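Each chain, written out:
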Amino acid sequence: MVASDSPLGAAAGVEIMKKGGNAVDAAVAVGFANAVVYPEAGNIGGGGYMVIHMADGRDAAIDYREVAPLAASRNMYVDANGKLTNKSIVGPTASGVPGAVAGMVEALAKYGTMSLADVLAPAIRYAEEGFILDSAFARSIVSNRKNYEPYNGGALFLRDGTPIPAGTLLKQPALAATLRAIVAQGRDGFYKGAIAEKWTNELHSRGGIITMEDLARYKPVWRDVIKSSYRGYSLLTMPPSSSGGVTITETLNILEGYPQLPPFGSTQWAHLLGSAYQRAFIDRNEKLADPAFVNVPIAQLTDKTYAARLRATIGSDHATPTSLVTKAIREGNETTHYSVVDSKGNAVATTTTLNELYGSGVYLSSAGFFLNDEMDDFAAQPGTPNMFGLVQGEANAIQPGKRMLSAMSPTIVLDRDGSLLLVVGSRGGPRIITSTSQVILNVLDYHMTLADAMSAPRLHHQALPDSVYFETDGIRPEVADSLRAMGYGVNRKAIGQVNAIMRVKGRGYEGVNDPRSSGRAVGY
Ligand code: DON
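Remember, it's a predicted structure, so these values are computed and weren't measured experimentally.

Parameters and conventions
Residues numbered from 1 in each chain as written. Predicted model: local features only at pLDDT ≥ 70, side-chain atom pairs only at ≥ 80, totals over all residues. Heavy atoms only, no water. Axes fitted to C-alpha atoms, helices over the stretch in contact; angles between N-to-C directions. Helix = DSSP H or I, 4+ residues; strand = E, 2+ residues; numbered from the N terminus. Parallel < 35°, antiparallel > 145°, perpendicular 65-115°, else oblique. Left-handed = near helix turned anticlockwise from the far one by under 90°. Contact = heavy atoms within 4.5 Å. Nonpolar A, V, L, I, M, F, W, Y, C, P; charged D, E, K, R; others polar. Pairing = 2+ DSSP bridges. 1 Å grid on protein atoms, 1.4 Å probe; cavity = no way out; pocket = protein on both sides within 12 Å on 5 of 7 lines; lining within 4 Å. Points joined across faces, edges and corners; volume = space filled by probe spheres on them. Core = buried A, V, L, I, M, F, W, Y, C linked by side-chain atoms within 4.5 Å. Buried < 20%, exposed > 50% of the residue type's maximum accessible area, 1.4 Å probe, protein only. Polar contact = N/O pair within 3.5 Å; in protein donor to acceptor, adjacent residues only side chain to side chain.

Visitor: Explain the packing of helix H13 (residues 244-256) against helix H18 (residues 431-444) to me, please; I cannot follow it from the model alone.
Guide: Two measures define how a pair of helices packs: the angle their axes make with one another and the distance between the axes. Relative to each other, H13 and H18 sit at 45 degrees, their axes nearing to 10 Å. Overall, the two elements H13 and H18 adopt an arrangement that is oblique. The element H13 and its partner H18 pack so that their crossing is right-handed. Counted together, Gly244, Thr247, Ile248, Leu252 and Leu255 of H13 and Ile433, Thr436, Ser437, Ile440 and Leu441 of H18 form the full contact between these two elements. By residue class, the composition of the contact of H13 with H18 is 6 nonpolar, 4 polar and no charged.

Visitor: How should I be thinking about the sheet that holds strand S8 (residues 221-223) in this particular structure?
Guide: By way of backbone hydrogen bonds, the strands of a sheet pair with one another, either parallel or antiparallel. Strand order across the open sheet formed by 7 strands is S8-S3-S2-S12-S11-S1-S23, with antiparallel pairing between neighbours. The strands lining the two open edges of the sheet, one partner per strand, are S8 and strand S23 (520-522). Along the sheet, successive strands turn relative to each other by an average axial angle of 15 degrees, direction set aside. Across 6 bridges, strand S2 (residues 47-53) lies against strand S3 (residues 59-64) in antiparallel orientation. When the bridges of S3 are listed, His53 appears paired with Asp59. Here helix H3 (residues 100-111) sits on the sheet and contacts S2, S3, S8 and strand S11 (335-341); the angle it forms with S3, its principal contact strand, is near 160 degrees.

Visitor: I tried to follow the packing of helix H2 (residues 23-37) against helix H5 (residues 121-129) on my own but got confused; where do I start?
Guide: For the pair H2 and H5, interaxial distance at closest approach is 7 Å and the crossing angle is 15 degrees. With respect to H5, the axis of H2 lies roughly parallel. Remark: the crossing between H2 and H5 carries left-handed chirality. Residues Phe32, Ala33, Val36 and Val37 of H2 touch H5, and the partners they reach there are Ala123, Tyr126 and Ala127. Residues of the contact of H2 with H5, tallied by class, amount to 7 nonpolar, no polar and no charged.

Visitor: In this structure, what is going on with empty space enclosed by the protein? I would like to understand it.
Guide: Volume-wise, the largest cavity comes out at about 80 Å³. Lining the largest cavity are 14 residues, and of these Ala35, Pro39, Gly42, Phe369 and Phe370 lie nearest its centre. Looking at the lining of the largest cavity residue by residue, the classes come out as 9 nonpolar, 5 polar and no charged.

Visitor: Please explain the nonpolar core as it appears in this structure.
Guide: Nonpolar side chains in soluble globular proteins tend to end up buried together. Among the nonpolar cores identified, the biggest contains 83 residues, and Phe32, Val36, Met50, Leu179 and Trp199 are the most heavily contacted of them. Setting aside anything within four residues of it in sequence, one finds Val36 in contact with Ala123, Tyr126, Ala127, Phe131, Gln172, Leu175 and Leu179. Membership of the second largest hydrophobic core comes to 66 residues, among which are Tyr230, Ile282, Val468 and Tyr488.

Visitor: Can you help me understand the environment of Ala181 in this one?
Guide: Note on placement: Ala181 falls in helix H9 (residues 173-185). Judged by its relative accessible area of 11%, Ala181 falls in the buried class. Expressed as a C-alpha distance, the spacing of Ala181 and Ile195, which sit 14 residues apart in the sequence, is 7.9 Å. Look past the residues within four positions of Ala181 in its chain and what remains in contact with it is Gly186, Gly189 and Ile195.

Visitor: I'm lost on the pairing of S11 in this one. Help?
Guide: Remember that side chains alternate between the two faces of the sheet whenever the strand is regular. S11 sits mainly inside the fold: 7 of its 7 residues count as buried. Examined bridge by bridge, strand S1 (residues 2-4) and S11 share 2 bridges and lie antiparallel to one another. In the strand pairing of S11, Ala3 is matched with Ser339. Bridge analysis of S11 against strand S12 (residues 347-353) gives 7 bridges, and the strand direction is antiparallel. Along S12, the bridge assignment pairs Ser339 with Ala349. If you look at the hairpin formed by S11 and S12, you'll find 5 residues sitting between the two strands, and Gly345 has a positive phi there, around 95 degrees.

Visitor: Help me out: how do you make sense of H5 in this one?
Guide: Helical periodicity: at 3.6 residues per turn, an α-helix aligns residues three or four positions apart in one direction. Among the residues making up H5, those that are buried are Pro122, Ala123, Ile124, Tyr126 and Ala127. Buried positions along H5 lie against helix H1 (7-18), H2, helix H4 (116-119), strand S4 (131-132), strand S7 (169-170) and H9. Downstream of H5 by one or two residues, Gly130 has phi in the positive range, about 90 degrees.

Visitor: Even after reading the chapter, I still don't get the sheet that holds strand S18 (residues 459-460), so can you show me in this structure?
Guide: On the basis of which strands lie adjacent, the open sheet formed by 3 strands has the order S18-S19-S20 and mixed pairing. Strands with a single pairing partner mark the edges of an open sheet, and in this sheet they are S18 and strand S20 (490-492). Where S18 lies against strand S19 (residues 468-470), 2 bridges are found, and the strand directions are antiparallel. Considered in S19, the bridge of Leu459 is made with Phe470.

Visitor: How do you make sense of the environment of Thr472 when you look at a structure like this?
Guide: Its place among the elements puts Thr472 in the loop between S19 and helix H20 (477-485). Accessibility expressed as a relative area gives 56% for Thr472, which makes it exposed. For the pair Thr472 and Asp377, spaced 95 residues apart in sequence, the C-alpha to C-alpha distance is 26 Å.

Visitor: How should I be thinking about the side chain of Asn22 in this particular structure?
Guide: Take Asn22: it is sitting in the loop between H1 and H2. Separated by 3.0 Å, the side chain of Asn22 and the backbone nitrogen of Val24 make a polar contact. At 2.9 Å, the side chain of Asn22 forms a polar contact with the backbone oxygen of Tyr111. Apart from the residues lying within four places of it in its own chain, the contact partners of Asn22 are Met17, Met54, Tyr111, Gly112, Thr113, Asp342 and Asn346.

Visitor: Could you clarify how one ought to interpret unusual backbone geometry in this entry?
Guide: Negative phi is the rule for most residues except glycine; trans is the rule for most peptide bonds. A cis geometry characterises the amide bond from Pro240 onward to Ser241, with omega recorded as 25 degrees. Within the secondary structure, Ser241 is located in the loop between strand S10 (233-237) and H13. In this structure, Pro465 follows Leu464 across a cis peptide bond, with omega equal to -5 degrees. Following the sequence through the fold, Pro465 ends up in the loop between S18 and S19. One non-glycine residue with positive phi stands out, namely His447, at about 50 degrees.

Visitor: Looking at this structure, how should I read the pairing of strand S22 (residues 508-513)?
Guide: Sheet topology places strand S21 (residues 497-504) next to S22; 6 bridges connect them, and they run antiparallel. Paired with Met502 across the two strands is Glu510, which belongs to S22. Connecting S21 to the antiparallel partner S22 that follows it, the hairpin turn spans 3 residues, and Gly506 within it adopts a positive phi of roughly 80 degrees.

Structure below.
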């Protein structure tokens, strides 16, 4: 079973498993296929994270997040008047050094069973023979035009100045050549040699700063999975450089102290979840960063006693302003997620991103891909909100070679008996954390079917802006009134796009693509 934001991407994974590949082979096939058929977020010009649970009990996490180029510096996006520019979001200097190819090649070598030629075959076919644009893709090209058009994206998506319509057969020969180089030379096909020379030269001619040395130095990192418990279930989550695992663990630790969560959709539900996220995000925004540069207190933040202290600061009938919570607890981050499970029970949760849709908008014709705008996930000016309104601290300031903090939260949940239960993750910047964890809570606490858990309305709180967010029509008006009376700012926002697979006792696996997405779950 594969659940992905792209139907063709999901089909690529199933194709590989039908040929005898395992979940990791399939996940890598989906990753490369999505770079062709879902370029708003699927990528080779970005990065991501993969959490793996093998049926034989081995767990693993691979971090292939982008890093800041060697020429990057703390204030590179601040102008002479001290004002933060938008250059971390769009254009040739917004990109971190891409990690996706290195990470997927490495994951395949360690946990896969097939060759690069096998798993890249669907992606190369989609790129060479082309695929038919569906209406969702066509709509995305129209609505994101202002992002990519100034930076050459029109070379791929515009014909005679007009966005290509649904029904078009889109072929990508330059991308196919890049993918063939990766098959022939492994990661070196992307990071060294002729193709790397071509695309870095193209980028430099437009003012970009990623060099061949940056590419040669890039390394994915295997990390210890964060393993936590929630009401007897086990969670396998992604450690920093993503904030996802720590923040979900911290939130669920706070909520676990309530014997039973309030009725779904009620004022108290919103209050407790909102307050728990608020507290966990305060820590996230200040303390989490790349562990190679900053000492990150993972053990403390995922500790249940610490969570009890945070819980004690949640009043029964009023909101606590973020500034007050911060005082009370102070002591002396376009994206797509896909979930894969094979017939043996091996499971892979992968979230990967270009940050904004079509990344920095920079399309490299020479190699056929979009580059990320991940530099905006740093605190480009500590204390000033980024694209997602996140206010982050010094720990996440820009330094050459450093990974920018992420919110990506690929997560695997094991049942009380240790068997695989749920493979889940989302897109949505900081809302990745809240949407992923609410699908988990909906299943574990509210005993919803996976389909209900995915379609249920979500809430979000990220400490600053100090407000609780709901989806349109996601909360009853009287509940919103009650929350305002308790002191909450109540606002609206789209919250996440989840892809999940759940084991259903006696019935195999159920895969669900978020009803907010136009992807699909495909199984056989
Ligand atoms: O790594 C992060 O947290 C962000 N770059 C994710 C961006 C994202 O989810 C955009 N999608 N809506």
